[in-house]
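Descriptive structure summary
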Amino acid sequence: MSRVKHGVLFCLMASLCMALLTGCPSRHTKEEEDAILSTGIEKLTQALEGHYGLKEGDWQIVSQKIFWGSAYGFNAVSYSLKAGDRDFTATVHTDDSGEVYTDYYGKEFEEALVVYLNEKLEEIPEYQQETLKLFSVKFSQKLAGNATEGMIPASVSPEDFSMYLEKCEQDWLMNVQLTLTWFSEDPKQISDELQGLITQGLDGPKKTYLTVKRFACDANEKPDPTDLREDYAYLPWDDPKHSVTTYEYFELDENLILQGSYVGDLTLTPEENGRFWATVNTEGILRVFPDDSYYMFVKYGVEGMEISYKNKDPEYVSTVKLEKDPYFEDWCRVFIPRDSNVMIGDLLQKYTQK
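Residues numbered from 1 in each chain as written. Predicted model: local features only at pLDDT ≥ 70, side-chain atom pairs only at ≥ 80, totals over all residues. Heavy atoms only, no water.

Inspection of the secondary structure puts Asp160 in the loop between strand E6 (152-153) and helix H5 (161-170). Separated by 51 residues in sequence, Asp160 and Phe109 place their C-alpha atoms 9.9 Å apart. (Helix = DSSP H or I, 4+ residues; strand = E, 2+ residues; numbered from the N terminus.)

This is the structure we're talking about:
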């Protein structure tokens, strides 16, 4: 495998250190807004016709949003667009570069990126045995950060993908986030050999992030929430270094599971584990210990269902909604913030009888 090819383990830890475009919400005049929107439309119009053959009248703006400055000191406009039966998004850099990013070919590029990464992972024995699997890939542009998630420069067409990916080997063009799932009962720690194989290319693509999620079950089994034991997050600088999130669980019922977490340089020892527990009082109020944020998993839960809780103000009730869990079939989850008294009585009655 060539050094260029090996150097691209485009990797994840998404939320960590992604460049944000939003900046400070300072006040701007109507004239300033009009000038930014005018520049954005001009550059967008040129890009859509020049790269996709879409002339004015072939596409419409569904919505638009101005991003005023940022840590990088530029302005941009993001658009939701429609061309015939095709919906897509674009972000226009309205300052010096004038770059236009879109997800017009975003799906096709993601597929090409997955193939590209699979070629780089295929020499790892665990990957060949399917105990290590590529779960998800996300990407955004270096300067525009979250405003360009799933987008590439409008000038990059499918026939340019290979050349663009090789260019990404040499320069920091994208933030790429890669998640791998690792199925292993033992050991708790990733071996030095496996860690080296996974991360040896991190100096090639600039600013890449990797998360490896370890499940303590067979790769052919359907995992439950309690099978997820650790997340290993690798950063693309220094050695590379990594941090570990160790998960603990408390089962209110086989269909209602709470997940606590601990972040450090090493996994928790068996003696350190077991610090996470919960109680439900006669009024159906749930409290966890230690009093920190956590996830609640509900089997057969309904996506969008609201969970109510109170925190420091006992008179004010907040709600959060269940969402489908990406890793566990049949399960929904919801994030509960710290210092929360969750009103779980109805939920216990509904789902513990399944």
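Past the structure itself, the notes keep going.
Residue-level pLDDT values for the protein chain average 82, and 80% of them are 70 or greater. The low-confidence segment residues 1-25 (pLDDT under 50) makes 94 contacts with residues lying over four places distant or belonging to another chain. (pLDDT = per-residue confidence, 0-100. Contact = heavy atoms within 4.5 Å.)

Below, the discussion takes up unusual backbone geometry. Looking along the chain, the bond that leaves Phe289 and enters Pro290 is cis, with omega of -5°. Structurally, Pro290 is set in the loop between strand E13 (285-289) and strand E14 (294-299). Notably, Tyr300 is not glycine yet its phi reads approximately 65°, a positive angle. Relative to the helices and strands, Tyr300 resides in the loop between E14 and strand E15 (306-310). Here Asp339, not a glycine, exhibits a phi torsion of approximately 60°, which is positive. Given the relative accessible area of 27%, Asp339 is considered partly exposed. (Buried < 20%, exposed > 50% of the residue type's maximum accessible area, 1.4 Å probe, protein only.)

Before going further, it helps to spend a moment on the layout of surface pockets. One number sums up the size of the second largest pocket: a volume of about 250 Å³. The element best represented in the lining of the second largest pocket is H5, accounting for three residues. Considering only residue class, the lining of the second largest pocket consists of eight nonpolar, three polar and four charged. (1 Å grid on protein atoms, 1.4 Å probe; cavity = no way out; pocket = protein on both sides within 12 Å on 5 of 7 lines; lining within 4 Å. Points joined across faces, edges and corners; volume = space filled by probe spheres on them. Nonpolar A, V, L, I, M, F, W, Y, C, P; charged D, E, K, R; others polar.)

With antiparallel pairing, the five strands of this open sheet are ordered in space as E12-E13-E19-E15-E16. Every other strand in the sheet has two partners, leaving strand E12 (277-280) and strand E16 (318-321) as the edge strands with one partner each. Each strand of the sheet is rotated relative to its neighbour by a mean of 30°, with strand direction disregarded. Pairing between E15 and E16: four bridges, direction antiparallel. Paired with Tyr309 across the bridge in E16 is Ser318. (Pairing = 2+ DSSP bridges. Axes fitted to C-alpha atoms, helices over the stretch in contact; angles between N-to-C directions.)

So, on to helix H2 (residues 30-52). Counted at 1.5 Å a residue, the expected span for H2 with its 23 residues is 33 Å, and the 32 Å between its end C-alpha atoms agrees. Inspection of H2 places Ile36, Gly40, Leu44, Thr45, Ala47, Leu48 and Tyr52 among the buried residues, and these make up the whole buried set. Buried residues along H2 sit against strand E1 (60-67), strand E2 (76-83), strand E3 (86-93) and strand E4 (100-102). Two residues or fewer past H2, Gly53 is found with a positive phi of approximately 70°. (Expected span 1.5 Å × (residues − 1).)

Closest axis-to-axis distance for the helix H3 (residues 106-121)/H5 pair is 11 Å, and the angle between their directions is 60°. As the angle between them shows, H3 and H5 are arranged oblique. Every pair of crossing elements has a handedness; the one defined by H3 and H5 is right-handed. On H5, the residues that touch Glu108, Phe109, Ala112, Leu113, Tyr116 and Lys120 of H3 are Phe161, Tyr164, Leu165, Glu166 and Glu169. Per-class residue counts for the contact of H3 with H5 are seven nonpolar, no polar and four charged. (Parallel < 35°, antiparallel > 145°, perpendicular 65-115°, else oblique. Left-handed = near helix turned anticlockwise from the far one by under 90°.)

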